[in-house]
Amino acid sequence: MGQNDIVSTPQTKVRPKIEKPRLYKVILFNDDYTPREFVQMILQAVFRTGDSVGYHIMMTAHRKGSCVVAVYTRDVAETKVKEAMDYAKDAGFPLMFKAEPEE
Ligand code: NFA
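Residues numbered from 1 in each chain as written. Predicted model: local features only at pLDDT ≥ 70, side-chain atom pairs only at ≥ 80, totals over all residues. Heavy atoms only, no water.

As recorded in an unreviewed UniProt entry, the protein goes by ATP-dependent Clp protease adapter protein ClpS and comes from Rhizobium alvei. Quoted straight from UniProt, the Sequence similarities (unreviewed entry) entry for the protein says "Belongs to the ClpS family." In its Function (unreviewed entry) section, the UniProt record describing the protein reads: "Involved in the modulation of the specificity of the ClpAP-mediated ATP-dependent protein degradation." (UniProt positions renumbered as here; feature names shortened; annotations may be inferred.)

(A) Looking closely at the pairing of strand β1 (residues 23-29). Counting buried residues along β1, five of its seven residues qualify, which places the element largely inside the surrounding structure. The pairing of β1 with strand β2 (residues 66-73) spans seven bridges and is classified as antiparallel. Each bridged residue has a counterpart across the sheet, and for phenylalanine 29 the counterpart in β2 is serine 66. Pairing of β1 with strand β3 (residues 96-101), which is carried by six bridges, proceeds in the antiparallel orientation. (Buried < 20%, exposed > 50% of the residue type's maximum accessible area, 1.4 Å probe, protein only. Helix = DSSP H or I, 4+ residues; strand = E, 2+ residues; numbered from the N terminus. Pairing = 2+ DSSP bridges.)

Okay, structure coming up:
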């Protein structure tokens, strides 16, 4: 090959198809027994809602029957649901959370 020959390697870009992880909603359900302050405490401790957002999520579930708390990957959603319900169970309250896949 002479001095001025250009050698070019074909630049094929490999773009593997990456599936986005499915996300799961954590839903809080109302009941007649768990104190409001306890629900708020759980929302702050487990879901890091802060004071004001925790209050609004609790009140929405209280008025409408349920409320989406947050959205996570499956593992995180299920771990937080278990953690929250273990706290409630230990305190003797029937508070319920569920993790549901998003459409
Ligand atoms: N309904 C409960 C009460 O009046 C409060 C509550 C809110 C419980 C949201 C569960 C979920 N003490």
